[in-house]
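Okay, here's what each chain looks like letter by letter:
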Amino acid sequence: MDEELKQKIRERTKRFEGLSLVPYKCPVGEDTIGYGHLIKNGITQAGAEVLLEEDLKAAYRAARGNFAWFSKLNGPRQAVIIDMIFNIGLTRLYGFKKMRAAIEAGDFETAAKEMLDSKYARQVAYRARLNAEILKTGEWNNA
């Protein structure tokens, strides 16, 4: 992954997740810290940056290793998949069967609609709308 794409993904994830230096309960009741990292102890901002970097690398590796079509996506679309894995996890992303099939077929309009027809979209509405628009257009669109 090139540095410009990594920085864009990092900035978007930080904006969506927000920074918390002390634990809080996320919308599904998990103890969370930093930039959406699930743990139960306090943390410094530097620690949160390190955790975010590691979590984004793990999400990238998961995307690259689990979806043959991932490497064929442009940077903005890759960022959406990485963001979703970061936010909901690989297991839950596997539940988006119709969205994944549409992506594999290159039907990004259908993929975006499928993304928005989900519990994910109801839980993180703004983030999901931005991600769906990027998935559909393949462009950052100020997101």
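Scroll up for the structure.
Read on for a plain summary of the structure. Here the residue numbers are simple positions, counted from 1 along each chain's written sequence. Side-chain atom pairs in this predicted model are given and counted only at pLDDT of 80 or more, local residue features only at pLDDT of at least 70, and totals for whole chains, interfaces and linings cover all residues. With hydrogens and water set aside, each side-chain value is computed from the structure's full complement of heavy atoms.

1. Focus: the environment of Asp-31
Relative to the elements of secondary structure, Asp-31 occurs in strand S2 (residues 31-34). We define a polar contact as two N or O atoms separated by no more than 3.5 Å, with the added condition that, inside protein, one atom must be a possible hydrogen donor and the other a possible acceptor, whereas residues neighbouring each other in sequence contribute only through side-chain atom pairs. One polar contact links Asp-31 to Lys-25, side chain to side chain, over a distance of 3.0 Å. Only DSSP runs of H or I covering at least 4 residues are called helices, and only runs of E covering at least 2 are called strands; the numbering of each starts at the N terminus.

2. Side note on the nonpolar core
Within the largest apolar cluster, 39 residues are counted, with the highest numbers of intra-cluster contacts made by Phe-70, Ile-81, Met-84, Met-99 and Ile-103. Listed by contribution, the elements that provide at least two residues to this core are helix H1 (3-17), helix H2 (45-66), helix H3 (75-88), helix H5 (97-104), helix H6 (108-116), helix H7 (119-123) and helix H8 (125-137). Looking at this core, the element that brings in the most residues is H3, giving eight residues. Residues contacting Phe-70, with those up to four places away along its chain left out, are Tyr-60, Ala-63, Arg-64, Gln-78, Ile-81 and Ile-82. Here, nonpolar core means buried Ala, Val, Leu, Ile, Met, Phe, Trp, Tyr and Cys residues that are tied together by side-chain atoms lying within 4.5 Å of each other. Burial status follows relative accessibility: with a 1.4 Å probe on protein chains alone, a residue under 20% of its type maximum counts as buried, one over 50% as exposed, and anything between as partly exposed. Contact between two residues is taken to exist if any of their heavy atoms lie within 4.5 Å; hydrogens are not considered.

3. A few points about H6
Of all the positions in H6, only Phe-108, Ala-111, Ala-112 and Met-115 are classed as buried. The arc that holds the buried residues of H6, viewed along the axis, is 100 degrees, so those residues lie on one side. Close packing links the buried residues of H6 with H3, H5, H7 and H8. To be clear, the arc concerns the directions from the helix axis to the C-beta atoms.

4. Regarding the packing of H2 against H3
Each axis is a line fitted through C-alpha atoms, and for a helix only the stretch in contact is used; angles between axes span 0 to 180 degrees, taken between their N-to-C directions. Following both chains from N to C, one finds H2 and H3 inclined at 115 degrees, their axes separated by 9 Å at the closest point. The angle between the axes of H2 and H3 places the two elements in the roughly perpendicular class. Considering the relative orientation of H2 and H3, their crossing is right-handed. Listed contacts from H3 to Leu-52, Asp-55, Leu-56, Ala-59, Tyr-60, Ala-62 and Ala-63 of H2 are Ile-81, Ile-82, Ile-85 and Phe-86. The residue inventory of the contact of H2 with H3, partitioned by class, reads 10 nonpolar, no polar and one charged. Roughly parallel covers angles under 35 degrees, roughly antiparallel covers those over 145, roughly perpendicular covers 65 to 115, and oblique covers all other angles. Here a crossing is called left-handed whenever its near helix is offset anticlockwise from the far helix by less than a right angle, and right-handed whenever the offset is clockwise. Residue polarity follows a fixed list, in which Ala, Val, Leu, Ile, Met, Phe, Trp, Tyr, Cys and Pro are nonpolar, Asp, Glu, Lys and Arg are charged, and the others, Gly among them, are polar.

5. Details of the pairing of S2
Here, strands pair whenever DSSP counts at least two bridges between them. The pairing of strand S1 (residues 20-25) with S2 spans three bridges and is antiparallel. Bridge assignment links Ser-20 to a residue of S2, and that residue is Gly-34. The antiparallel pairing of S1 with S2 creates a hairpin that spans five residues between the two strands, and Gly-29 there sits at a positive phi of about 85 degrees.

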